Each structure stands twice: as C-alpha cells, then as structure tokens.
Amino acid sequence: MSSRKLADGRAEMKNGTRMIRHWLGDIASLRWVEPAGVAVWCAGVLVFMLAPLVVTVGASFHGGSEYAVVVFPPENLSLQWYERIPGAHYQAFFLSIFLAALTALISCLLGVPAALGLVRGNLPGKQVISAIFRAPLQIPAVVIGVAFMQLFYAVGNQTGWYAVGTFWGLLIGHVFHATPYVIGTTTAVLQRFNANLEEAALIHGASPMRVFVRVTLPLIMPGVYAGGLYAFMMSFGDVPISMFLTSSSFLTYPIELFFGMENDFDPSILASSSLVIVFSLLFMLVVQKIVGLDVLLKSNNVN
Amino acid sequence: MNLNWRAMLVPSFVVSLLLMVASQYLFIKSSFYKNVGFGIVDKTFGFQNYKNLFLDSFYIDAIIETFMVSGLATVFTILMAYPVAYAIARMKPNRAMILLATIVVSTFITIVIKVFGLIIIFSADGWLNKILIFLGIISEPFTVIGNISGVIVGLIHFCLGFAVLLIYSVVQTIPKSYEEAAQIHGASRINVFLKVIIPITMPGIIIGAITIFNMCMGAFTSAALLGGGRVLTLPVLIQRAVIMEVNYPMAATLAALLLAFVMGINLLSIALLKRFRMTKAIVT
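Because the structure is predicted, anything quoted here is derived from the model rather than measured.

Q: Would you mind showing me how to read the side chain of Thr185 of chain A here?
A: All names here are of chain A. Inspection of the secondary structure assignment puts Thr185 in helix H7 (residues 167–191). With relative accessibility at 0%, the residue Thr185 sits in the buried group. A polar atom in the side chain of Thr185 sits 3.1 Å from the backbone oxygen of Val182. Among the polar contacts made by the side chain of Thr185, one reaches the main-chain carbonyl oxygen of Gly223 at a distance of 2.8 Å.

Here it is in structure tokens:
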C-alpha cells in the first residue's frame, strides 16, 4: 500500500519536475514570445477599436454646464444630455433601422437567387456575369451616391417623380451597394455544399421543390444570414451614399450626426450616440443568440 | 435537380445590370457637360471639365493626397488586422467568439460615432496627450483634426473590422499541419510565419488589401470630419462640388476619375495576382 503510494508520489514529482523543465525550456527557447506577442497585439487592436466607443459613452455623462466642452473622464456625472436629445435623432434612428432592415431583406431576395444561379446554373459567360454582380463592390461609395443622385434627377425630369430625398431613393442606393455582399457569402457557402444531401432527399422521394425548401435553403442559411448582416451593417452606418440621397427634412441617423457634428456641436449628440452604441450591443447579442455570429466566419468570402 | 437555376438568376441580374448601367452611364455622360452655374448644365459634349481638372494643381494635389491617405491606411489596417485574424483562426472557438463579437460590434457602429470618440481621445488637453507629453514621447499635443494622420486613423477605424474578417477567411483555409510540418523540419516560428504562412496567404492578403483600398478611396466621413477642410481627398471634393458649389458636371468628373483610378488599380492587382499565381505554379 504505502510503497505504491510512494511510487505514485515519486511519479507525480517526476511529472512535476518534467513540466517545470518543459516550461523552463519553453522560456529559454523563447517559444512564449509568439503567443505573448500575438496576445499583446490583439489586446492593442481591441483597445484601439473600442476606445472611441468607451470614451463617447463616458463623456456623455459629463455634468458640466458649458456647451461644446467634451470631457473624458466625465466630471459631475449627470444625465442632462440624455434629456436634451432632439426628437429628430430618434426619428432618424428609427428611419435608419427600418432602412437597414429592408435593405438586408431585399439584398437577400436579390442576392440568394443570383448566387444559386451563379453556382448551379452552369452558365455560359459565368465570369462576366459574376463580375457584373460584384461590380458595385469596386465602385467607391461616394461615386454610387453621386451616380444615383443624378439618375434620380434624370428619372424625375422624365417622369415627374423625384426619388432624391425619399425613402425609396435611399433604399435603391443601399440595396445596390449591399447585394454583392449577400451574393459573396451565399456563393461561398454554396461552393462548399455537399450535393449528396440533396440527392439523398431526392432518392427518398422528395420533390425538387421540397428538397430546395427543406434541404438546400436550410444548409445555405449561414451564408444568407452573414450576407444579410453585412447588408444591415453597410446600410446602418453609411454616410457617403446617403449623403447625396437624403433631403434636409429626411435624414438617416449617421447623416443627422454628421451634420450635427459639422455645424453646431452639442453634447446631446454624445448621449444619442451612446444610446446607439448600447442598441448595437443588444442587437449583436440577439443576433448571437438567434443565428450565432460565427456565420460571419463560416461564410466569409466577400471577394 | 430539375429546378431551373438559370431562371432564378435572371430577375436579380436584370435589376443589378439596369441599376448599374443607368446610374454609371448617366453620371459619366454628365461629366462631359458644361456647368453654367446655379445648378444649370449646358448639355454640349466636351472635355473641358477634364482639362480644367488636370491643369489645376489643386486637383492634382487632391488626387495624390487621396492615393497616399488610402494607401497608408490600407497598409496599417492590414498590418494591424493580420495577427488578429491569425489569432482568431487558431484560437479555441469560444475565445475566438469574444474577439469576433467585439470586432463586429465595433464595425457595426457608424464611423461618425467613432470619429467623435477619436476627437475626444486626441483633444489637445485630453488625458492621452497629457500622459504622452508627461512621458516626453511628444512635445506638442497630437490632435487628429485637420491633418493627414488624423484622417488615416479615422480610415483605419472604418476598415479594421472588415479587414479582420476578410483575412480570417484566408488564414482559416491553411491547415495547421503545414505549420507543424515546417516546424518538425526545424523551422523556427518566425521562419514558419515568414516563409510558410505569409506566402500561402499572400494572394488572399492582396485581395483583402484591394478591398480595403477601395473602401478607403470611397470613404468620405473620416476625411470630411477629421480633415477639417484641410485634407481634401477626392470624395470630399465630390461632396463639396455637389453641396456647396452645386456644380454637378465637376462632381461627375471627379467621381468618374475616382472610379477610373479604383478600377485601374483593381485590374492591375488582379493581373499581378495572376502572374503571382503562375510563377508559384511553375515553382511548385
């Protein structure tokens, strides 16, 4: 009994010393430099990315009375700026949400069939068609804005219906910009698709339509979600396209902030930005719960 | 399967093609018109806008500045994003998710808000500048308003999240066994990184860099807000031509030029990429 215990103890000690030697060897061979370096780098990048958001939220609680003075860390915590958020900000925010959601939806309705056709259609001139679908990715956003503004004016001169400054004008511009992302992510998933699954369903007597709805669609959904998420993000944060397609009485949230910042800066902008930051966090939590953010990783093939 | 995949593609193709051709054709055509003033346009065809543009050193400087700012922002973004993308690709999934979630949330929030934060952080009497001056790293406060470095910082913020996601998709396709094989054969970690990982991911990095460069060339928010009227990139000039000068032909000319530059660079890099792949095919 005791001798076995002793042997166990010895083995454990041997094990322990081996591990310590292993660590020492690691330290001596500088093998820790790489993981440590990568960790420090990642932490640095995260701080870089998050610092402006943290500072914005922090400064929004500043209690000082002076206008146009932004202080971080805040002094005399107060919610005064939250009470002074102009109603236009809320309006613009809800407009942006609605616009982004509709952009994502329509981009998916256009992009998913396009991706299916591109991958499955066995098309002649597939390269050219694919290049045309992806062209909006190569057109600078600012150029998309100017081009659609002129298109809408030209259409308006012909028909009397001016899309500039309307919801529909914005929607067309955003959908044009966002659809290639959906095509990209859905194509990426489709190319890795195991066609045997569909065949199996067919052999078991499912109709082609049923196979499509019950097998194909669920399997490509991660790509569709990822594309939809990209489309939403593009639309929700966009300035250069919306800039040319909004009118002064009809502004998306980023444009409202942009003008607010360019013209008369008011700390209530910080308060409303903080609310948007909190909203974005909650939105991402919901996305994570429902579809999982890893869809972005699984189907990321924008190019 | 007897579903008609080709027919599926037709409606979206028609919509995409129509929107693209109509919008691009009209604005490029209007770049050849003459501006009469007060938003009135003389529809006679001519190259005067392009001539004015290329003879004016103001616009030439703006073009150079746009390229420089976008190029530097792209390089810094890729340098910052690569290790992060690599870490996400090699990390345990649950840890990678934390990094990913942070990056997505930060990307999700409009750049205008991030620009506020940047201005607060780098304000002349802010704590960051105080610390840096106290430590003797800088002698004068570093601000982000009205100078090129500020615009570049803004652009990096705009692109970083996308860059990480783009590069991740490339790194993730390299099996870890490649690295292990190189290591077993005695390569140091640094050599594995420089001679195995970087070369394999090079085509992906180039494509990612092109995408980021395109984003920067078209990005206007950071240059407009942080440039403070002193950093004039092409997107800023386009917006000014439309909103302040109401000179649509000039805006169209600048936009056409920007489009031509971006397309040209894309085609060039795709050609380079093909050559790169060909030489690699010959070597192996």
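Q: Sorry if this is basic, but what is going on with the side chain of Ser272 of chain A here?
A: Residue and element names in this part refer to chain A. By the element assignment, Ser272 lies in helix H12 (residues 268–290). Here His89 takes part through its side chain, which lies 2.9 Å from a polar atom of the side chain of Ser272. Once you skip the residues sitting within four places of it in the chain, Ser272 turns out to touch Ile85, His89, Tyr253 and Leu257.

Q: Looking at this structure, I do not really get the pattern of salt bridges. What am I missing?
A: Any two side chains of opposite charge can pair if their charged atoms end up close together. Residue and element names in this part refer to chain A. All told, the structure shown has 1 salt bridge over all chains when counted by the stated rule. A salt bridge links Arg120 to Glu198, with the nearest nitrogen and oxygen atoms 3.3 Å apart. Taken together, the residues span a long stretch of sequence, with Arg120 in helix H4 (residues 87–120) and Glu198 in helix H8 (residues 195–203) at a distance of 78 residues.

Q: Would you mind showing me how to read the interface of chain A and chain B here?
A: The accessible area lost on association of the parts is a frequent measure of interface size. Of the residues lining the interface, 90 residues belong to chain A; the matching set on chain B comes to 84 residues. Viewed at the interface, chain B and chain A are joined by 0 salt bridges. Along the contact surface separating chain A from chain B lie 6 residue pairs in polar contact (both at pLDDT 80 or more). At 15 residues, the largest contribution of residues to the side of chain A that touches chain B is made by helix H2 (residues 33–59) of chain A. A per-class count over the side of chain A that touches chain B returns 73 nonpolar, 12 polar and 5 charged.

Q: Even after reading the chapter, I still don't get the packing of aromatic side chains, so can you show me in this structure?
A: A ring pair, where both rings are aromatic, is described by two values, the distance of the centres and the angle of the planes. For the coordinates displayed, the defined rule picks out 28 aromatic pairs over all chains. On the numbers, 5.5 Å between centres and 25 degrees between planes, the contact of Phe61 of chain A with Tyr82 of chain A is stacked. Of this pair, Phe61 of chain A sits in the loop between H2 and helix H3 (80–83) while Tyr82 of chain A sits in helix H3, placing them 21 residues apart in sequence. Among the residues examined, Phe61 of chain A registers a relative accessible area of 29% and is labelled partly exposed. Ring centres of Phe236 of chain A and Phe108 of chain B lie 5.3 Å apart, and the angle between their planes is 25 degrees; on these two criteria the pair is classed as stacked. Taken together, the residues span two chains, with Phe236 of chain A in helix H9 (residues 208–237) and Phe108 of chain B in helix H4 (residues 93–108). The buried category is assigned to Phe108 of chain B, whose relative accessible area is 0%. Every member of this aromatic cluster is reached through a ring pair, and the members are Phe93, Phe94, Phe232, Phe236, Tyr253, Phe279 and Phe283 of chain A together with Phe108 of chain B.

Q: Which parts of the structure should I look at to understand the packing of helix H6 (residues 141–159) of chain A against helix H1 (residues 5–30) of chain B?
A: To characterise two packed helices, one gives the angle between the axes of the helices and the distance between these axes. Interhelical geometry of H6 of chain A versus H1 of chain B gives an angle of 90 degrees and a closest axis separation of 8 Å. In this view, H6 of chain A runs roughly perpendicular relative to H1 of chain B, as classed from their interaxial angle. Listed contacts from H1 of chain B to Val143, Ala147, Phe148, Gln150, Leu151 and Ala154 of chain A of H6 of chain A are Leu19, Ala22, Ser23, Gln24, Leu26, Phe27 and Ser30 of chain B. The class makeup of the residues in the contact of H6 of chain A with H1 of chain B is 9 nonpolar, 4 polar and no charged.

Q: Sorry if this is basic, but what is going on with the confidence of the model for chain A here?
A: Low pLDDT means the predicted coordinates in that region are not meant to be read closely. Within chain A, residue pLDDT values average 82, and 86% of them lie at 70 or more. Here helix H1 (residues 2–28) of chain A is the element of chain A with the lowest mean pLDDT, 69, and H4 of chain A is the one with the highest, 91.

Q: Any chance you could explain the environment of Lys195 of chain B here in plain terms?
A: Looking at where Lys195 of chain B falls in the secondary structure, it is placed in helix H9 (residues 189–218). In this structure, the C-alpha to C-alpha distance between Lys195 of chain B and Ala182 of chain B, residues 13 residues apart in sequence, is 9.3 Å.

Q: Sorry, what's going on with the environment of Leu270 of chain A here?
A: Assignment of secondary structure puts Leu270 of chain A in helix H12. Sequence spacing of Leu270 of chain A and Gly37 of chain A is 233 residues, and the spatial spacing of their C-alpha atoms is 35 Å.

Q: Explanation requested: empty space enclosed by the protein in the structure shown.
A: Sizing a probe to match a water molecule and rolling it over the atoms shows the empty space that remains. Tallying each qualifying case throughout the model produces 3 cavities of 30 Å³ or more. Its volume calculated, the largest cavity comes out at about 80 Å³. Lining of the largest cavity is provided by Leu110, Phe133, Pro136, Val175, Phe176, Thr179, Pro180 and Ile183 of chain A together with Val15, Ser16 and Leu19 of chain B. Put simply, the parts of the chain that give the lining of the largest cavity at least two residues each are helix H5 (126–138) and H7 of chain A together with H1 of chain B. Here the lining of the largest cavity is composed, by residue class, of 9 nonpolar, 2 polar and no charged.

Cut-offs and rules
- Residues numbered from 1 in each chain as written.
- Chains lettered and ligands numbered in written order.
- Predicted model: local features only at pLDDT ≥ 70, side-chain atom pairs only at ≥ 80, totals over all residues.
- Heavy atoms only, no water.
- Helix = DSSP H or I, 4+ residues; strand = E, 2+ residues; numbered from the N terminus.
- Buried < 20%, exposed > 50% of the residue type's maximum accessible area, 1.4 Å probe, protein only.
- Polar contact = N/O pair within 3.5 Å; in protein donor to acceptor, adjacent residues only side chain to side chain.
- Contact = heavy atoms within 4.5 Å.
- Salt bridge = Lys/Arg side-chain N within 4 Å of Asp/Glu carboxyl O.
- Nonpolar A, V, L, I, M, F, W, Y, C, P; charged D, E, K, R; others polar.
- Phe/Tyr/Trp six-rings, centres within 6.5 Å; stacked < 30°, edge-to-face > 60°.
- Axes fitted to C-alpha atoms, helices over the stretch in contact; angles between N-to-C directions.
- Parallel < 35°, antiparallel > 145°, perpendicular 65-115°, else oblique.
- pLDDT = per-residue confidence, 0-100.
- 1 Å grid on protein atoms, 1.4 Å probe; cavity = no way out; pocket = protein on both sides within 12 Å on 5 of 7 lines; lining within 4 Å.
- Points joined across faces, edges and corners; volume = space filled by probe spheres on them.

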